[in-house]
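Breakdown of the fold
Residue-level listing of the chains:
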Amino acid sequence: MTAPETRPLTATRSFPADFLWGAATAAYQIEGAAAEDGRTPSIWDTFSHTPGKVFEGHTGDVAVDHYHRFREDVGIMAELGLNAYRFSVSWSRVQPTGRGPAVQRGLDFYRRLVDELLAAGIEPALTLYHWDLPQELEDAGGWPERATAERFAEYAGIVAGAVGDRVKRWTTLNEPWCSAFLGYGSGVHAPGRTDPVASLRAAHHLNLGHGLAVQALRAELPADRQLAVSLNLHEIRPLTGSAEDLDAARRIDAVGNRVWLGPMLEGAYPEDLLADTAHLTDWSFVRDGDTAAANQPLDLLAINYYTPTVVSHVPEGAEKPQDDGHGNSEHSPWPGADAVAFHRAGGEPTAMGWAVDPSALYDLLTRVSAAYPGLPLVISENGAAYEDVVGPDGSVHDPERAAYVHAHLEAVHRALSDGVDVRGYFLWSLLDNFEWAYGYAKRFGAVRVDYDTLERTPKSSARWYARVARSGELHAPGGD
């Protein structure tokens with residue numbers, strides 16, 4: 001663990017003039033309009049409507065109604081001085097069955113959104129997939145099946161043809177680890193399956209789908225477009241320096257990080273991952289040429305970070321802490337790591353129970369930069385949920401969130417100062433929204449949403465972040 005740099009809280013840090021200051025969202029979490037203009041159910045529609053899967057039966061049917069209020073939301077972004085906005089496209093809004101021709105009404109929404117962003121001077125950063133697979137593709141087998149990767153590439157080409165003349169920044173997948181291992185392993189995310197072999201098959205076809213999508217985007221887009229993938233890379237720390245705990249960290253690094261970095265950036269799966277999971281599968285679903293197809297040149301690597309991962313070896317039969325921060329399930333999202341225990345990291349917890357540790361973000365950025373020199377990085381998600389309190393005048397003062405973001409931007413600036421090429425920072429999230437299996441119980445937004453009236457109110461952290469974004473200087477929170 002690298003000791004955090006100590007600097008006066010009042011000191012100001014300057015970021016590069018072309019640094020991206022943005023916020024991020026995801027389609028199912030904010031759009032609503034679940035059955036309008038040709039949209040059909042995704043796996044998250046089905047999952048959220050299944051009793052017992054989501055907190056108090058919450059769904060994304062309305063979410064925060066961004067589909068009808070996007071102009072208002074873009075106006076808020078402009079008021080906050082953001083120069084970039086990361087959003088995702090709802091696959092089943094564009095291609096309801098996951099195959100065949102697009103629904104132009106669905107594409108028209110994204111055309112209008114992109115035009116509104118550009119008119120406000122905000123650069124759109126489009127993510128093709130943020131977990132909302134069309135239900136018909138899941139019914140046909142979902143990501144464990146090779147055909148889904150092929151359909152994803154076709155969908156990528158459709159979206160590129162619709163808005164590629166105006167969108168410069170493209171991301172294929174958001175956090176494929178969650179799609180594969182929470183969706184098909186532990187079952188705490190859609191589609192809610194609990195099959196470790198299916199989760200590994202899903203991981204491979206997400207890798208393949210990423211590569212095929214990059215090829216489809218390159219074929220359709222102008223040459224100057226920037227392509228990326230967004231990974232929730234785990235900064236893994238062994239509980240002790242014992243050989244057993246170091247091996248536990250290696251196992252989690254294999255199935256948490258290198259399962260993506262290997263195929264996508266190096267063209268091969270790590271041998272230790274294959275050995276760790278050999279009792280589950282022989283990986284015969286990987287065909288000749290698959291890892292080469294996954295290994296497509298990228299312009300950026302996008303990283304999502306919230307908290308470190310602390311692990312130890314646990315002897316057979318011993319009590320096994322499972323505080324990995326990824327929900328409760330009798331089924332593990334870590335195939336090949338049955339003897340690994342997870343521990344809550346030190347530091348004050350957020351409302352999600354995630355420890356605040358910005359030093360781990362610095363460690364992650366420097367480690368990835370050293371492993372893949374010449375590949376620029378961007379923080380595509382970072383933020384925190386807290387128990388926001390609404391004041392008598394309707395305002396929300398959230399100094400904890402501002403302090404969290406400030407500390408993590410300090411870590412980004414420190415990495416920049418040490419030569420790491422970080423191009424931007426996207427706060428998670430612009431708006432309070434549907435927080436997956438937690439429903440509307442957890443608020444990550446810089447902007448409060450009253451879920452009864454859908455009224456938007458920027459929190460004090462949003463006003464502070466606006467000062468940072470407009471100036472390009474990291475002022476200490478306070479007085480906002």
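If you check an unreviewed UniProt entry, the chain appears there as Beta-glucosidase from Streptomyces tanashiensis. The UniProt entry for the chain carries the following text under Sequence similarities (unreviewed entry): "Belongs to the glycosyl hydrolase 1 family." Its UniProt record, at the heading Catalytic activity (unreviewed entry), says of the chain: "Hydrolysis of terminal, non-reducing beta-D-glucosyl residues with release of beta-D-glucose."

What follows deals with the overall build of the chain. Helix and strand content of the chain: 15 helices and 15 strands. Against the compact-globule benchmark of 23 Å for 480 residues, the chain has a radius of gyration of 21 Å, which places it among compact chains. Along the longest, intermediate and shortest principal axes, the C-alpha atoms of the chain span 60 × 55 × 45 Å. Evaluated residue by residue, the chain yields a buried proportion of 61% over its 480 residues. When contacts within the chain are restricted to residue pairs at least 6 apart in sequence, those whose partners lie at least 24 apart make up 78%.

This part covers helix α5 (residues 104–119). With 16 residues, α5 should reach 22 Å at 1.5 Å per residue; the first-to-last C-alpha distance of 22 Å fits that figure. Among the residues of α5, those classed as buried are Gly-106, Leu-107, Phe-109, Tyr-110, Leu-113, Val-114 and Leu-117. The buried side chains of α5 occupy one side of the element, clustering within an arc of 150 degrees when seen end-on. On the buried face of α5, the contacting elements are α1 (27–30), α3 (66–79), β3 (84–88), α4 (91–94), β4 (123–129) and α7 (146–163). Where α5 ends, the next residue or the one after it, Gly-121, has phi of about 75 degrees, a positive value.

Quick look at the sheet that holds β3 now. The pairing of strands in a sheet comes from backbone hydrogen bonds and takes either a parallel or an antiparallel form. On the basis of which strands lie adjacent, the closed barrel formed by eight strands has the order β2-β3-β4-β5-β6-β8-β11-β12 and parallel pairing. Between one strand and the next, the sheet's axes are offset by a mean angle of 25 degrees, whatever the strand orientation. Against the sheet, helix α9 (residues 196–220) makes contact with β4, β5 (169–174) and β6 (226–231), and its axis sits at roughly 160 degrees relative to β5, the strand it touches most.

Moving on: empty space enclosed by the protein. The full count for this structure, using the stated rule, is five cavities of 30 Å³ or more. Roughly 120 Å³ of internal volume is contained in the largest cavity. Surrounding the largest cavity, 13 residues form its lining, Ala-125, Thr-171, Leu-300, Val-378 and Phe-426 being those nearest its centre. Elements with a contribution of two residues or more to the lining of the largest cavity: β5, β6, β8 (300–304) and β11 (377–382). For the lining of the largest cavity, the class distribution of residues is eight nonpolar, three polar and two charged. Approximately 60 Å³ is the volume found for the second largest cavity. Ile-43, Trp-44, Tyr-129, Trp-131, Trp-143, Cys-178, Ser-179, Tyr-184, His-189, Ala-190 and Pro-191 are the residues that line the second largest cavity.

On to the UniProt feature "active site" (unreviewed entry) in the chain, then. Within the UniProt annotation, "active site" (unreviewed entry) is assigned to Glu-381. Here Glu-381 shows up in strand β11. Leave out the neighbours within four places in its chain, and Glu-381 touches Arg-86, His-130, Asn-174, Glu-175, Ile-303, Asn-304, Tyr-305, Tyr-306, Phe-426 and Trp-428. Side-chain polar atoms of Glu-381 contact the side chain of Arg-86, separated by 3.4 Å.

All right, on to the environment of Leu-20 then. Residue placement: Leu-20 occurs in strand β2 (residues 20–24). The buried category is assigned to Leu-20, whose relative accessible area is 6%. In this structure, the C-alpha to C-alpha distance between Leu-20 and Pro-399, residues 379 residues apart in sequence, is 23 Å. Apart from residues lying up to four places away in sequence, Leu-20 is in contact with Asn-83, Ala-84, Glu-123, Arg-169, Arg-423, Gly-424, Tyr-425 and Phe-426.

Attention now goes to the packing of helix α8 (residues 176–186) against helix α10 (residues 243–266). The contact between α8 and α10 brings their axes to 10 Å, and the two run at 130 degrees. Looking at the two axes, α8 sits oblique to α10. Read as a crossing pair, α8 and α10 show a hand that is right-handed. Touching Pro-176, Trp-177, Ala-180 and Phe-181 of α8 are Val-255, Gly-256, Val-259 and Trp-260, all from α10.

Strands sit in the order β7-β9-β10 across an open sheet of three strands; the sheet is mixed. Each edge of the open sheet carries a strand with a single partner, namely β7 (236–238) and β10 (340–343). The average angle at which neighbouring strand axes cross in this sheet is 40 degrees, direction not considered. In this sheet, β10 lies alongside strand β9 (residues 309–313) in antiparallel orientation, the contact comprising four bridges. Bridge pairing links Val-311 to Phe-342 in β10.

Counting residues in each nonpolar core, the largest one holds 146 residues, and the members touching the most others are Trp-44, Trp-170, Trp-260, Leu-365 and Leu-409. For this core, the element with the highest residue contribution is α10, accounting for nine residues. In contact with Trp-44, not counting residues within four places along its chain, are Tyr-28, Val-54, Trp-131, His-189, Ala-190, Phe-434, Trp-436 and Ala-437. Among the nonpolar cores identified, the runner-up in size contains five residues, and Ala-149, Ala-153, Leu-212 and Ala-293 belong to it.

Each pocket or cavity is described by its volume, and for the largest pocket that value is around 790 Å³. Considering the residues around the largest pocket, the lining is formed by 41 residues, among which Asp-324, Gly-325, His-326, Met-352 and Trp-354 are closest to the centre. Listed by contribution, the elements that provide at least two residues to the lining of the largest pocket are α8, β9 and β10. Tallied by class, the residues present in the lining of the largest pocket amount to 19 nonpolar, 14 polar and eight charged.

Next up on the list: the pairing of β2. Consecutive side chains of a regular strand alternate in pointing toward one face of the sheet and then the other. With five of five residues buried, β2 is to be regarded as a mostly interior element. Residues of β2 alternate between two faces, with Leu-20, Gly-22 and Ala-24 on one and Trp-21 and Ala-23 on the opposite face, all of them buried. By the bridge criterion, three bridges tie β2 to β3 in an arrangement that is parallel. Within the sheet, the bridge partner assigned to Gly-22 lies in β3 and is Ala-84.

So, how was this worked out
Residues numbered from 1 in each chain as written. Predicted model: local features only at pLDDT ≥ 70, side-chain atom pairs only at ≥ 80, totals over all residues. Heavy atoms only, no water. UniProt positions renumbered as here; feature names shortened; annotations may be inferred. Helix = DSSP H or I, 4+ residues; strand = E, 2+ residues; numbered from the N terminus. Rg over C-alpha atoms; globule rule 2.2 N^0.38 Å. Buried < 20%, exposed > 50% of the residue type's maximum accessible area, 1.4 Å probe, protein only. Contact = heavy atoms within 4.5 Å. Expected span 1.5 Å × (residues − 1). Arc of directions from axis to C-beta. Pairing = 2+ DSSP bridges. Axes fitted to C-alpha atoms, helices over the stretch in contact; angles between N-to-C directions. 1 Å grid on protein atoms, 1.4 Å probe; cavity = no way out; pocket = protein on both sides within 12 Å on 5 of 7 lines; lining within 4 Å. Points joined across faces, edges and corners; volume = space filled by probe spheres on them. Nonpolar A, V, L, I, M, F, W, Y, C, P; charged D, E, K, R; others polar. Polar contact = N/O pair within 3.5 Å; in protein donor to acceptor, adjacent residues only side chain to side chain. Parallel < 35°, antiparallel > 145°, perpendicular 65-115°, else oblique. Left-handed = near helix turned anticlockwise from the far one by under 90°. Core = buried A, V, L, I, M, F, W, Y, C linked by side-chain atoms within 4.5 Å.

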